[in-house]
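Each chain, written out:
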Amino acid sequence: MNAPTHPTHAQMLLRAERQAQLIAALSAVLPPHALLWHSEDTTPYECDGLTAYRQRPMAVALPETEAQVQAVLTTCHALGVPVVARGAGTGLSGGAMPHAEGVTLSLAKFNQVLSVDATSRTAVVQCGVRNLAISEAAAPLGLYYAPDPSSQIACTIGGNVAENSGGVHCLKYGLTLHNVLKVKGFTVEGEPVEFGSAALDCAGLDLMSVLVGSEGMLAVTTEVTVKLVPRPQLARCIMASFDDVRRAGDAVAAVIAAGIIPAGLEMMDKPMTAAVEDFVHAGYDLDAAAILLCESDGTPEEVAEEIERMSAVLRGAGATAIAVSADEAQRLKFWSGRKNAFPASGRISPDYMCMDSTIPRKRLADILQAIADMEVKYGLRCLNVFHAGDGNLHPLILFDANDPDQLRRCEQFGADILETSVAMGGTVTGEHGVGIEKVNSMCVQFTPEEREAMFAVKRAFDPQGLLNPGKVIPTLHRCAEYGRVVVRGGQTAHPELPRF
C-alpha cells in the first residue's frame, strides 16, 4: 500500500468544477430528491460490506424509473464520468465501492416483484428486490427461489446477478447463474439490452454466462426473471461432530463419494462454533474440533433414506456425535448459527475481512492447517466457515482497521489464503467476487494473456471503461488519479488500485 496522498488546491478546484458540471447535467434528468452530492449525504454510500476501504463519489443517483436509469447512463457516458451500480451494499469484496470521480447509481428503489407464474415456475422481479422477498412472494404457490446467501434478508437479486451468489443450498440447487433465465438492463451508453430468455435456451452466444458474475462491469441490471422450485415436503438436518478437522474434511469427501448430493453441506471450526453459539444458541457441540451440517430435502421417504445413508457415512468417517433435527424448528435452529456466522464474528472483533476462495473438497483439512499456521505468522485470529460441499471457503480474519499495521497484516493474510488455495488446485473467489479486495490476487491464478482476454470482453461492452472501473481485472497501469481511499478509523491510503 502506498503512502497517503493529499490533493493539491488546484486539484480540488478542478474536481469542484467537474462536480458542478455533473450535478447540473444530472439535475436535468432526475428530480431533486433523487440526486445527492453533499458529503453528509454521500457518506453512507462510501463502501459496501468491505468496510476497510472507503471513499465518497462525486454524486449518488437514485433513479425511480428505467427511463431515469437510462438518462443517468447516457449523461455520464457523454461526460466521460465513471458509474458504479449499487444494490443493497452487502457485497464483501468492495465491488460497490464508489469511484472518487464518478457517480454511484443506487438501484434500491427498484424493489417490486412484478409477477409470479406458477405454471412456468418463474418470477419477474426488479433488481432491488431482496433475495428472501422472492421466496416470500412465491410461498403461497408452494414455490421458492433456491439460492440463499447468508445475507438473503438484505441482499438484492441485482447484486446476486453481479456476484453470481450462492448460499448454503448451492451444492444441490446451484448458484445464481443456474437459477436465472433472463436479465434486462442497459449498457453504459444507455442502450436497452436483454440477456437470456424465458425459454430454457436462447439463440446466439451464451452471454448470460458472461453477464452473471461480471460485477457490474458490463451492463446495469434492472429486471431479472428467476426460476422457482417447489418447496420440498420435508427437510431435515444432521449436525455431526468431529474431534479432528481432518476427519471432518474427509467426511465431506466421503459423503459426495457415496453418491449423495445433500441439499446443504456446511462446515465450521471450533472457534466459529463458539462465536455463533454465544450469539444464537443453536445447540452446537462446543467440544468438537469441527462440525458438519448436512441437510436432506424432498419427500418424507426420500429424506428418511438419505438421512440414514449420510449418518452411516459420517459415522464411518469418524463422527463422534450425530444429532438429527426432530422438527422444522430444530432444523432452522441448526441453520441459524451458520446463517449468523458473520454477525457473530462482528460481535467479537472491531472488524473482519471475509475471504472467499475455493479448493478441491479433499484439501479441506490441508487448507485449515495452512490457515492455522498463517494465524501464527500474521498474529491475527481467523474463524472458519465453509460451503464444504463445493469447497467454497469463508475464512473470517479478525482485525482492527483503526490500526494500520493490523490492516496491513490482514491484507497479507488474506492474499496468502488466496494464493495457497490456488496452489491446492482452487480459485481466488467462489461467490463474493473480486472487487478491489482480490484484484491483485487475480495475477496468481490468471496469466497476462488470460487477463487480456477478460479485458477484450470488457472493451466489447464498455470501450471507455466507465462501468465500475478499477475493479476485478488487474493491470500494470495503476491509476494515480483514482482518488484517495479512506480506511475505517480516519486513516487515508492510496492502494494499488488498477483502472481499465
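It should be noted that the structure appears before, not after, this text.
Report on the accompanying structure. Owing to the predicted nature of the structure, the values given are computational and were not obtained by experimental measurement.

Right, let's get into the sheet that holds strand β1 (residues 35-36). Strand order in the open sheet formed by four strands is β1-β3-β5-β4, with mixed pairing between adjacent strands. Whereas interior strands pair on both sides, the edge strands pair on one side only; in this sheet they are β1 and β4 (83-86). Inspection of the sheet shows strand β3 (residues 59-61) paired to strand β5 (residues 103-106) by three bridges, in the parallel sense. Counted as the bridge partner of A61 is L105 from β5. Where helix α3 (residues 66-79) meets the sheet, its contacts fall on β3, β4 and β5, and the angle it forms with β5 comes to roughly 165°.

Right, let's get into the pattern of salt bridges. Under the definition given, this model contains 22 salt bridges. With a shortest N-O distance of 2.5 Å, R18 and E101 are connected by a salt bridge. Of this pair, R18 sits in helix α1 (residues 9-27) while E101 sits in the loop between β4 and β5, and the two are 83 residues apart along the sequence. With a relative accessible area of 18%, E101 lands in the buried category. Taking the shortest distance from any N to any O, the salt bridge between E295 and R331 comes out at 2.8 Å. Residue E295 is located in strand β15 (residues 290-298), and its partner R331 is located in helix α11 (residues 328-339); the two are separated by 36 residues in the primary sequence. Bridged by salt links that share partners, the residues R15, R18 and E101 form one connected network.

Before going further, it helps to examine the packing of helix α9 (residues 270-280) against helix α12 (residues 341-348). Where α9 contacts α12, the two axes come as close as 9 Å, and the packing angle between them is 90°. By the angle class used here, α9 and α12 are roughly perpendicular. In contact with M272, A275, V276, D278 and F279 of α9, α12 contributes A341, P343, A344, S345, R347 and I348. Broken down by class, the residue content of the contact of α9 with α12 amounts to eight nonpolar, one polar and two charged.

Parameters at a glance
- Residues numbered from 1 in each chain as written.
- Predicted model: local features only at pLDDT ≥ 70, side-chain atom pairs only at ≥ 80, totals over all residues.
- Heavy atoms only, no water.
- Pairing = 2+ DSSP bridges.
- Helix = DSSP H or I, 4+ residues; strand = E, 2+ residues; numbered from the N terminus.
- Contact = heavy atoms within 4.5 Å.
- Axes fitted to C-alpha atoms, helices over the stretch in contact; angles between N-to-C directions.
- Salt bridge = Lys/Arg side-chain N within 4 Å of Asp/Glu carboxyl O.
- Buried < 20%, exposed > 50% of the residue type's maximum accessible area, 1.4 Å probe, protein only.
- Parallel < 35°, antiparallel > 145°, perpendicular 65-115°, else oblique.
- Nonpolar A, V, L, I, M, F, W, Y, C, P; charged D, E, K, R; others polar.

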